[in-house]
Amino acid sequence: EPEVTQTPSHQVTQMGQEVILRCVPISNHLYFYWYRQILGQKVEFLVSFYNNEISEKSEIFDDQFSVERPDGSNFTLKIRSTKLEDSAMYFCASSEPGQGSTDTQYFGPGTRLTVL
Amino acid sequence: GQQLNQSPQSMFIQEGEDVSMNCTSSSIFNTWLWYKQDPGEGPVLLIALYKAGELTSNGRLTAQFGITRKDSFLNISASIPSDVGIYFCAGRWTPSGSRLTFGEGTQLTVNP
């Protein structure tokens, strides 16, 4: 069964450093998302991406964050200058094209980001 | 923003028992989803609901989309040890976009 994959599974970085989290969405999906989950808390929406542009973003997704689809298979989340409070699990998700209100988001296994 | 209240926060049950959990919202959604998350893993979709009043089953799992569009419940029948995990509801109001709003989760423990 097709699945969303993410690398790395765990990233440790120093405060102020840039990190890039990578995702390979399900191959025929055209809608891509990033969510994060701080330890012990609920999953929170960051950003959605369609047709090579951001379609929606939350208040969490400030100027320190950016997303990119550099090629036909990868979808990345960049954090320019990490802060301690960026430590969380980051989940990529994707959904099928053209489903409108019935599209279902499938999640990857996550990248655990630890900022020291 | 939209808030989902999920209850209970945690449940401790014996194997074989039935389980029920629910989510309520102060605003309406047109999609309700139920996910299960194992430790260190991403959420795995269990059931998707797209119409008010819809009742959908997936094996021992049954979920309903409330008529008011402000609530949903998930039932698990005849629980087994592998049902252990955190269950999240998630809602979406597509006129506002495609973002999912998640509940706080229900931690389920099943004692064999």
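To be clear, the structure that these remarks concern was listed above.
**Details of the overall build of chain A**
The helix and strand inventory of chain A stands at 0 helices and 11 strands. Ordered by position from the N terminus, the helices and strands of chain A form the series β-β-β-β-β-β-β-β-β-β-β. Since a compact globule built from 116 residues should have a radius of gyration of about 13 Å, the 13 Å found for chain A is in line with a globular shape. For chain A, the spread of C-alpha atoms along the principal axes amounts to about 40 × 30 × 30 Å. By the burial criterion, 44% of the 116 residues in chain A qualify as buried. The long-range share in chain A, meaning contacts at least 24 apart out of those at least 6 apart in sequence, stands at 55%. A total accessible area of about 5700 Å² is found for chain A, and carbon and sulfur atoms account for 46% of it. Across chain A, the 9 positively charged side chains and the 15 negatively charged ones have centroids separated by 6 Å.

**Things to note about the interface of chain A and chain B**
Contacts between the two partners involve 22 residues from chain A, matched on the other side by 23 residues from chain B. Across the chain A to chain B interface the summed buried area is about 1800 Å²; carbon plus sulfur atoms make up 49%. Residue Lys42 of chain A pairs with Glu104 of chain B through a salt bridge whose shortest N-O separation is 4.0 Å. Counting the contacts that link chain A with chain B gives 8 residue pairs in polar contact (both at pLDDT 80 or more). Elements with a contribution of two residues or more to the side of chain A that touches chain B: strand S4 (31-37), strand S5 (44-50), strand S6 (53-57), strand S9 (88-95) and strand S10 (106-107) of chain A.

**Focus on the pairing of strand S9 (residues 85-92) of chain B**
All names here are of chain B. Of all 8 residues making up S9, 7 are buried, and the element is well covered by its neighbours. Relative to S9, strand S4 (residues 31-37) is paired through 7 bridges, and the arrangement is antiparallel. Across the sheet, the residue bridging to Thr31 is Arg92, located in S9. Of the strand pairs in this sheet, S9 and strand S11 (residues 106-111) are connected by 3 bridges, and their pairing is antiparallel. Within the sheet, the bridge partner assigned to Gly85 lies in S11 and is Leu108.

**Things to note about the sheet that holds strand S3 (residues 19-24) of chain A**
Residue and element names in this part refer to chain A. Read across the sheet, 4 strands follow the order S1-S3-S8-S7 without closing on themselves; strand pairing throughout is antiparallel. In the strand order of this sheet, the two ends are held by strand S1 (5-7) and strand S7 (65-68), each with one partner. This sheet shows a mean twist of 20° between the axes of neighbouring strands, independent of strand direction. Summarising the sheet, S3 and strand S8 (residues 75-79) pair through 5 bridges and their orientation is antiparallel. By the bridge assignment, Leu21 is partnered in S8 with Leu77.

**Considerations on the state of the cysteines**
Residues and elements named next belong to chain A. In the structure shown here, the tally under the stated rule is 2 disulfides over all chains. Across the disulfide from Cys23 sits Cys92; the S-S distance is 2.0 Å. Sign of the S-S torsion, about -65° for the bond between Cys23 and Cys92, identifies this disulfide as left-handed. Placement of Cys23 in strand S3 and of Cys92 in strand S9 is noted, with a sequence separation of 69 residues between them. You'll find Cys23 and Cys92 in the same group, each marked buried.

**Quick word on the sheet that holds strand S8 (residues 71-76) of chain B**
All names here are of chain B. Here 5 strands make up an open sheet; going across it, the order is S1-S3-S8-S7-S6 and the pairing antiparallel. Single-partner strands in this sheet number two, and they are strand S1 (4-7) and strand S6 (55-58). Adjacent strand axes in the sheet meet at a mean angle of 15° when their direction is disregarded. Where strand S3 (residues 19-25) meets S8, 6 bridges bridge the pair, whose relative direction is antiparallel. Note that in S8 the partner of Met21 across the bridge is Leu74.

**Here's the deal with the packing of aromatic side chains**
Enumeration according to the criterion identifies 15 aromatic pairs over all chains in this entry. Geometrically, the ring pair formed by Phe32 of chain A and Phe75 of chain A is tilted, given 5.4 Å between the ring centres and 40° between the ring planes. Taken together, the residues span a long stretch of sequence, with Phe32 of chain A in strand S4 and Phe75 of chain A in strand S8 at a distance of 43 residues. Here Phe32 of chain A falls in the buried class, since its relative accessible area comes to 3%. Note on Phe75 of chain A: relative accessible area 0%, which makes it buried. Geometrically, the ring pair formed by Tyr35 of chain A and Phe102 of chain B is edge-to-face, given 5.8 Å between the ring centres and 80° between the ring planes. Taken together, the positions of Tyr35 of chain A in strand S4 and Phe102 of chain B in strand S10 (residues 101-102) put the pair across two chains. Pair check on accessibility: Tyr35 of chain A and Phe102 of chain B agree, each one buried. One aromatic cluster is present, formed by Tyr33, Tyr35, Phe45, Phe91 and Phe107 of chain A together with Tyr35, Phe88 and Phe102 of chain B through successive ring pairs.

What counts and what doesn't
Residues numbered from 1 in each chain as written. Chains lettered and ligands numbered in written order. Predicted model: local features only at pLDDT ≥ 70, side-chain atom pairs only at ≥ 80, totals over all residues. Heavy atoms only, no water. Helix = DSSP H or I, 4+ residues; strand = E, 2+ residues; numbered from the N terminus. Rg over C-alpha atoms; globule rule 2.2 N^0.38 Å. Buried < 20%, exposed > 50% of the residue type's maximum accessible area, 1.4 Å probe, protein only. Contact = heavy atoms within 4.5 Å. Areas by Shrake-Rupley, 256 points an atom, 1.4 Å probe, with all protein chains shown as cover. Lys, Arg positive; Asp, Glu negative; His and termini not counted. Charge placed at Lys NZ, Arg CZ, Asp CG, Glu CD. Buried area = accessible area lost by both parts, 1.4 Å probe. Salt bridge = Lys/Arg side-chain N within 4 Å of Asp/Glu carboxyl O. Polar contact = N/O pair within 3.5 Å; in protein donor to acceptor, adjacent residues only side chain to side chain. Pairing = 2+ DSSP bridges. Axes fitted to C-alpha atoms, helices over the stretch in contact; angles between N-to-C directions. Disulfide = S-S within 2.5 Å. Phe/Tyr/Trp six-rings, centres within 6.5 Å; stacked < 30°, edge-to-face > 60°.

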